[in-house]
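The primary structure of each chain is shown beneath.
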2 protein chains.
Amino acid sequence: MRTLKVALLGCGVVGSDVAHYLAAHEPELTARIGARVELAGVAVRRADLPRPGVPSHLIAADADALVTRGDIDVVIEVIGGTDRAHDLVGKAFAHGASVVSANKALIAAEGAALHAAARAHGVDLRYEAAVAGAVPLLRPLRESLAGDRVTRVLGIVNGTTNFILDRMDSAGWDYPRALKEAMALGYAEADPTADVEGHDAAAKAAIVAGLAFDTRVRIDEVHREGISGITAADTAAARAQGCVIKLLALCDRRADGDVTVRVHPAMLPLSHPLASVRDAFNAVFVEAEAAGQLMFYGPGAGGAPTASAVLGDLVEVCRNRLAGVTGSGDTAHEQRRVRPVGDVVTRYHVTLDVADRPGVLSEVAHVLDRHGVSVESLRQERGDDGCRLSLSTHRATDAVLSSAVEALGALTAVRGVPRALRVEGA
Amino acid sequence: MRTLKVALLGCGVVGSDVAHYLAAHEPELTARIGARVELAGVAVRRADLPRPGVPSHLIAADADALVTRGDIDVVIEVIGGTDRAHDLVGKAFAHGASVVSANKALIAAEGAALHAAARAHGVDLRYEAAVAGAVPLLRPLRESLAGDRVTRVLGIVNGTTNFILDRMDSAGWDYPRALKEAMALGYAEADPTADVEGHDAAAKAAIVAGLAFDTRVRIDEVHREGISGITAADTAAARAQGCVIKLLALCDRRADGDVTVRVHPAMLPLSHPLASVRDAFNAVFVEAEAAGQLMFYGPGAGGAPTASAVLGDLVEVCRNRLAGVTGSGDTAHEQRRVRPVGDVVTRYHVTLDVADRPGVLSEVAHVLDRHGVSVESLRQERGDDGCRLSLSTHRATDAVLSSAVEALGALTAVRGVPRALRVEGA
């Protein structure tokens with residue numbers, strides 16, 4: 001029986017679980033691949049640290065030497081980041097190795113170049129773990145739905161922000177307290193920017209939209225808003241509307257074939273299946289012409305779930321290697337225009353603090369009329385010092401809705417800045 | 001560009017949608033396969049009936065002639081049934097064609113023989129559509145989780161029975177009325193036996209358990225109970241316990257490596273994600289050692305969703321054909337013992353009508369003690385003519401629980417037959 005050699009780049013939370021399950025699931029891996037898989041080396045930045053479960057003779061400080069030694073069949077890249085990872089993956093390809101990566105930033109930024117390099121060297125590139133952890137999403141999009149036409153992907157793809165928003169909703173906490181709890185539990189990093197400002201979700205949205213719509217979406221084409229501006233008052237206002245706030249990745253294919261890709265917090269009705277996704281779980285809705293609505297749900301991060309996805313890809317690329325073929329590569333055979341967020345058709349929920357005097361409501365209504373925005377529902381609450389006006393609009397383009405909100409903010413009767421949140425999934 | 005020829009066997013609800021989407025999604029199919037796909041013939045039982053959307057010169061009454069003509073690359077089998085389908089699929093293999101089937105009865109009964117025949121002829125056999133319609137389940141089990149160890153699959157895999165049970169629960173209907181409604185809406189067939197008695201779900205459970213646990217499960221090894229005995233009183237009793245009744249397919253891998261596979265109605269807590277699966281939808285929970293809990297959800301039947309799954313498989317087998325390879329075939333490399341249902345560890349909810357006299361409760365408790373069954377909760381309601389006793393047990397083997405229920409039924413104080421339902425997902 002043949003033995004395939006695997007090099008592991010990175011031995012942090014994910015890498016050490018990859019190494020663990022490579023050993024623990026060895027009988028299954030051997031049977032399913034039809035060959036033995038041997039861990040040939042583990043590249044780490046600090047070779048002097050203890051790595052429980054990894055034989056010390058496999059630890060290598062020189063990642064370049066490991067990927068270029070010439071006998072490696074598959075390189076597993078779980079170091080993260082872009083430049084160094086790109087360099088190592090490129091060297092792995094050039095030395096005949098297929099690559100399995102869990103690195104969404106790398107794939108979102110360099111997917112096209114990496115697919116081209118893999119193709120040029122006749123090897124595979126796979127990255128199921130880069131989006132939604134253990135949840136099978138990229139393979140179903142690329143293979144199960146290969147005979148269908150995907151029209152929308154709507155998902156919760158960042159566990160950190162879902163944890164924070166879930167705590168704000170269920171416990172009534174404000175954002176700083178929920179963020180602190182997420183940090184204490186290890187869901188958020190010391191610098192949480194990549195998660196809370198939506199960069200992580202935007203990278204995943206770019207990958208998913210590209211696959212779903214057979215095109216290329218650059219990360220700078222993804223409209224991105226984070227959750228750091230969401231307040232306890234926003235969460236309460238959403239609840240009062242029978243909604244929760246979730247950070248959503250929304251990838252849409254328009255009837256004209258163009259696409260929109262965006263990541264932002266949005267209000268979602270409690271009846272929507274994504275509304276009940278708690279804690280740090282991920283869930284993704286996919287709509288396709290023939291299949292209808294599908295949902296995929298599971299743990300979106302963590303060492304073991306990510307390792308599960310990595311090893312699933314490993315089995316595929318090993319099988320391909322034994323058969324002397326490569327699997328389906330880059331699927332970006334369409335050149336679709338990525339439209340700006342202003343072209344998205346959506347609904348807004350707007351909260352305004354206004355003076356308590358006659359005529360205010362008609363001024364507000366006039367502004368909305370002038371912009372062609374139609375009101376679905378409106379509620380006015382009288383306080384000690386004025387009124388709070390909450391309104392939900394009917395559907396319009398984001399450009400129209402946002403300029404209407406801006407015009408509302410300019411009314412003298414309106415105090416402070418209007419709060420506006422998109423409403424999705426209704 | 002090469003052209004691959006496809007023969008379609010059957011042109012009913014599913015077949016006509018397959019033909020429709022073959023044409024409608026032609027640009028996607030061509031780009032994703034890297035070859036054109038040509039519908040070369042459609043075998044039907046009644047060649048004289050009109051087939052909208054299918055060119056009349058493609059209609060063939062002689063299915064044998066179609067699959068044996070020698071130039072067919074892929075045969076799509078959606079005629080259903082076992083003997084005739086088996087015969088045709090075997091002939092297709094022998095004449096060099098790969099086969100995509102949506103036929104769970106065929107795969108459950110003849111999967112081993114068919115996989116062997118496909119392998120012998122160097123062609124592919126795929127059947128994603130056979131379980132849970134458009135919901136990607138078999139491919140994720142076989143590929144995405146190929147580096148993991150699946151321990152449990154728990155699913156709602158029959159839409160007809162889910163529709164009936166959902167109506168009984170939400171509208172308070174009795175079984176005959178809900179069945180009638182399911183028939184009127186086309187969810188149930190004129191003879192609903194295959195669905196309501198669990199035969200359809202059992203075939204799917206056999207396929208899923210085999211794939212999940214790398215083994216072979218014969219359909220007669222699946223413990224099977226249908227829903228035709230479920231009463232409005234059962235549904236109400238479940239509600240009173242904060243549960244709904246669902247027809248579940250449960251595939252478990254025990255710590256000793258043996259497996260249990262069963263289909264039966266069970267009470268599921270309302271908090272369980274499967275409890276909120278409404279109408280005729282399907283949903284499947286998968287538990288794996290590294291991945292944790294995953295859920296897959298979507299339309300489990302219907303022409304278009306089934307066609308989506310069929311065409312996804314078509315793309316895969318066409319790609320393989322172009323590459324001159326076959327995909328992963330039979331995965332039954334383990335010989336696992338399928339344990340009888342008596343060995344399953346579960347919980348029961350039992351309802352008894354008993355005489356309203358002192359000492360009855362202690363008689364009941366004595367029977368349970370004697371069987372080693374521990375009570376988790378107990379409720380007694382006094383009626384005009386006796387008492388109704390509801391009790392939930394702690395976990396025990398099904399053999400122990402069922403013999404305790406039998407012994408309870410033999411008590412003179414117990415009137416009629418005790419009602420017992422398993423409680424799962426708690």
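Structure shown above.
Not measured: the values here are computed from a predicted model.

## What about the relation of the copies chain A and chain B?
And step 1. The transformation that overlays chain A on chain B combines an axial shift of 0.0 Å with a rotation of 180°, and the residual RMSD is 0.1 Å. On this basis, the relationship between the two copies can be described by a two-fold rotation axis. Closest to the rotation axis within chain A is the C-alpha of Phe296(A), separated from it by 2.5 Å.
And step 2. With an isologous cut-off of 70% or more, the 100% of interface residues of chain A that recur at the interface of chain B puts this contact in the isologous class.

## Quick notes on helix α13 (residues 360-371) of chain A
Think of an α-helix as turning once every 3.6 residues; residues three or four places apart then point the same way.
Residue and element names in this part refer to chain A.
And step 1. Under the 1.5 Å per step criterion, the end-to-end length of α13 is 17 Å for 12 residues, consistent within 8% with the ideal 16 Å.
And step 2. By the burial criterion, the buried members of α13 are Val360, Val364, Val367 and Leu368. Within α13, the buried residues cover an arc of 95° as seen down the axis, which keeps them to one side. Relative to its buried face, α13 has exposed residues pointing more than 90 degrees away, namely Asp369 and Arg370.
And step 3. Contacts from the buried residues of α13 go to β13 (345-354), β14 (375-383), β15 (386-393) and α14 (398-410).
And step 4. Phi for glycine 372, located one or two positions after α13, is positive at around 75°.

## Digging into the interface of chain A and chain B
And step 1. The interface of chain A with chain B comprises 44 residues on the first partner and 44 residues on the second.
And step 2. In total, about 3900 Å² of surface goes out of reach between chain A and chain B, with carbon and sulfur atoms giving 52% of it.
And step 3. At the junction of chain A with chain B, the criterion picks out eight salt bridges.
And step 4. Between Glu28(A) and Arg253(B) there is a salt bridge whose closest N-O contact spans 3.9 Å.
And step 5. Viewed at the interface, chain B and chain A are joined by 20 residue pairs in polar contact (both at pLDDT 80 or more).
And step 6. Taken together, the elements giving at least two residues each to the side of chain A that touches chain B come down to α1 (13-24), α2 (26-33), α6 (138-144), β12 (292-299) and α12 (303-323) of chain A.
And step 7. No other element matches the eight residues that α12(A) contributes to the side of chain A that touches chain B.
And step 8. Pairing geometry for β12(A) and strand β12 (residues 292-299) of chain B, over three bridges, is antiparallel. Residue pairing for β12(B): Met295(A) is matched across the bridge by Tyr297(B).

## Structural notes on the packing of aromatic side chains
Residues and elements named next belong to chain A.
And step 1. Tallied over the full model, the rule gives five aromatic pairs over all chains.
And step 2. For the pair phenylalanine 163 and tyrosine 187, a centre-to-centre distance of 4.6 Å together with 40° between the ring planes defines the contact as tilted. One end of the pair, phenylalanine 163, is in helix α7 (residues 159-171); the other, tyrosine 187, is in the loop between α8 (175-184) and α9 (193-196), and 24 residues separate them in sequence.
And step 3. A relative accessible area of 1% means that phenylalanine 163 is categorised as buried.
And step 4. In this structure tyrosine 187 comes out as partly exposed when scored by relative accessible area, which is 37%.

## Focus on the side chain of Asp200(A)
All names here are of chain A.
And step 1. Within the element layout of this structure, aspartate 200 appears in helix α10 (residues 199-212).
And step 2. When its relative accessible area of 9% is taken as the criterion, aspartate 200 is described as buried.
And step 3. Here lysine 104 takes part through its side chain, which lies 3.2 Å from a polar atom of the side chain of aspartate 200.
And step 4. In terms of polar contacts, aspartate 200 uses its side chain to reach the side chain of lysine 204, at 2.7 Å.
And step 5. Leave out the neighbours within four places in its chain, and aspartate 200 touches Lys104, Val157, Asn158, Ala194 and Asp195.

## A look at the sheet that holds strand β5 (residues 98-101) of chain A
Residue and element names in this part refer to chain A.
And step 1. Spatially, β3-β2-β1-β4-β5-β6 is the arrangement adopted by the six strands of the open sheet, whose pairing is parallel. Only two strands of the sheet have a single partner each, and these edge strands are β3 (59-60) and β6 (125-126).
And step 2. In terms of strand pairing, β5 meets β6 through two bridges, oriented parallel. Its bridge partner being in β6, valine 100 is matched across the sheet by arginine 126.

## Considerations on the environment of Val354(A)
Residue and element names in this part refer to chain A.
And step 1. Relative to the helices and strands, valine 354 resides in strand β13.
And step 2. With 34 residues separating them in the primary sequence, valine 354 and asparagine 320 have C-alpha atoms 65 Å apart.
And step 3. Valine 354 has contacts with Val360, Gly386, Cys387, Leu389, Ala413, Val414 and Arg415, leaving out every residue within four places of it along the chain.

## Considering the sheet that holds strand β6 (residues 125-126) of chain B
And step 1. Spatially, six strands are ordered β3-β2-β1-β4-β5-β6 (chain B) in an open sheet, and the strand pairing comes out parallel. In this open sheet, the two edge strands, each paired with only one partner strand, are β3 (59-60) and β6 of chain B.

## A word on the pattern of salt bridges
And step 1. By the definition in use, this model includes 88 salt bridges over all chains.
And step 2. A salt bridge links Glu143(B) to Arg139(A); the nearest nitrogen and oxygen atoms lie 3.6 Å apart. With Glu143(B) in helix α6 (residues 138-144) and Arg139(A) in helix α6, this pair bridges two chains.
And step 3. By relative accessible area, which is 8% here, Glu143(B) ends up buried.

## Points about the packing of α2(A) against α12(A)
All names here are of chain A.
And step 1. For the pair α2 and α12, interaxial distance at closest approach is 9 Å and the crossing angle is 40°. Classified by the angle between their axes, α2 and α12 sit oblique to one another. Like other packed secondary-structure pairs, α2 and α12 cross with a definite hand, here right-handed. Side by side, α2 and α12 meet where Leu29, Arg32 and Ile33 of the first sit next to Val315, Cys318, Arg319 and Leu322 of the second.

Rules of the game
- Residues numbered from 1 in each chain as written.
- Chains lettered and ligands numbered in written order.
- Predicted model: local features only at pLDDT ≥ 70, side-chain atom pairs only at ≥ 80, totals over all residues.
- Heavy atoms only, no water.
- Least-squares fit on C-alpha atoms with pLDDT ≥ 70 in both.
- Contact = heavy atoms within 4.5 Å.
- Helix = DSSP H or I, 4+ residues; strand = E, 2+ residues; numbered from the N terminus.
- Expected span 1.5 Å × (residues − 1).
- Buried < 20%, exposed > 50% of the residue type's maximum accessible area, 1.4 Å probe, protein only.
- Arc of directions from axis to C-beta.
- Buried area = accessible area lost by both parts, 1.4 Å probe.
- Salt bridge = Lys/Arg side-chain N within 4 Å of Asp/Glu carboxyl O.
- Polar contact = N/O pair within 3.5 Å; in protein donor to acceptor, adjacent residues only side chain to side chain.
- Pairing = 2+ DSSP bridges.
- Phe/Tyr/Trp six-rings, centres within 6.5 Å; stacked < 30°, edge-to-face > 60°.
- Axes fitted to C-alpha atoms, helices over the stretch in contact; angles between N-to-C directions.
- Parallel < 35°, antiparallel > 145°, perpendicular 65-115°, else oblique.
- Left-handed = near helix turned anticlockwise from the far one by under 90°.

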